[in-house]
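For reference, the chains in residue letters:
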Amino acid sequence: MAGRYYEEFEEGQLFEHAFSRTVTEQDNISFSLMTLNPQPLHVDADFSARTEWGQPLFNSLYTLGIMIGMSVYDTTLGTTVGNLGMSDVRFPKPVFHGDTLRSRTKVVGKRISKSRPSVGLVEFEHECLNQRGEVVAICRRMAMIHRHKQAA
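Described below are features of the structure shown in this document. (Residues numbered from 1 in each chain as written. Predicted model: local features only at pLDDT ≥ 70, side-chain atom pairs only at ≥ 80, totals over all residues. Heavy atoms only, no water.)

## Looking at the overall build of the chain
For step 1, the next point in the chain: Each helix and strand counted, the chain has 4 helices and 5 strands in total.
For step 2, the next point in the chain: Taken from the N to the C terminus, the helices and strands of the chain come in the order β-α-α-α-α-β-β-β-β.
For step 3, the next point in the chain: With respect to the three principal axes, the spread of C-alpha positions in the chain is 60 × 30 × 25 Å.
For step 4, the next point in the chain: Taken over 152 residues, the chain has a buried fraction of 37%.
For step 5, the next point in the chain: Taking the intrachain contacts of the chain between residues at least 6 apart in sequence as the baseline, contacts between residues at least 24 apart amount to 71%.
For step 6, the next point in the chain: On the chain, roughly 8,100 Å² of surface is accessible, and the fraction owed to carbon and sulfur atoms is 53%.
For step 7, the next point in the chain: Both charge centroids of the chain, one from 17 positive and one from 17 negative side chains, sit 7 Å from each other. (Helix = DSSP H or I, 4+ residues; strand = E, 2+ residues; numbered from the N terminus. Buried < 20%, exposed > 50% of the residue type's maximum accessible area, 1.4 Å probe, protein only. Contact = heavy atoms within 4.5 Å. Areas by Shrake-Rupley, 256 points an atom, 1.4 Å probe, with all protein chains shown as cover. Lys, Arg positive; Asp, Glu negative; His and termini not counted. Charge placed at Lys NZ, Arg CZ, Asp CG, Glu CD.)

## Points about the pattern of salt bridges
Note on pairing: side chains with opposite charge can pair once their charged atoms come close.
For step 1, the next point in the chain: Enumeration over the complete set of coordinates arrives at 8 salt bridges.
For step 2, the next point in the chain: Across the pair E127 and R104 runs a salt bridge, and its minimum N-O distance is 2.6 Å. Of this pair, E127 sits in strand 4 (residues 119-129) while R104 sits in strand 3 (residues 100-112), and the two are 23 residues apart along the sequence.
For step 3, the next point in the chain: With relative accessibility at 18%, the residue E127 sits in the buried group.
For step 4, the next point in the chain: Using a relative accessible area of 23% as the deciding quantity, one classes R104 as partly exposed.
For step 5, the next point in the chain: Note that E123 and R140 form a salt bridge whose closest N and O atoms lie 3.5 Å from each other. (Salt bridge = Lys/Arg side-chain N within 4 Å of Asp/Glu carboxyl O.)

## Quick notes on the packing of aromatic side chains
For step 1, the next point in the chain: Counted under the stated rule, the structure contains 6 aromatic pairs.
For step 2, the next point in the chain: Summarising the aromatic geometry, the rings of F58 and Y62 are spaced 5.4 Å apart at their centres and angled 20° between planes, so their arrangement reads as stacked.
For step 3, the next point in the chain: Classification of F58 as buried rests on a relative accessible area of 4%.
For step 4, the next point in the chain: Through successive ring pairs, a cluster of aromatic residues spans F9, F15 and F124.
For step 5, the next point in the chain: Sitting above the plane of the Y6 ring, K110 keeps its charged end 4.3 Å from the centroid. (Phe/Tyr/Trp six-rings, centres within 6.5 Å; stacked < 30°, edge-to-face > 60°. Lys NZ or Arg CZ within 6 Å of the ring centre and 35° of its normal.)

Pasting the structure below:
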């Protein structure tokens, strides 16, 4: 697996993820409707044209998913037990269809689980940037990660 085990993470480690993704109008509408979010800012071009944005906003929860998804190959693919939580989620700039997103991840903390010593807890800070290098999303994520078998 491409993911890293707990012992392979170091505080301050930075990952510049190779993946990028241009988001589309269809992505935005489909995701919004699949998640039962009828917000006209996402799904109604006429309504959105009359807002301060002048066009539909890309659904921020989809942006969050893309940002974290881009990190999986470099960090947790096949080595994660699961996510324990996300915090400090922010969207400092809007995303619109046609924007190209990329992501980077920093390891901000780690410790061995007190209740399950065969796993470690790694805290990541993810940032998502658009094609202009503007940060459009930030989040901290606590993941439970397998330790190497011999370390457990």
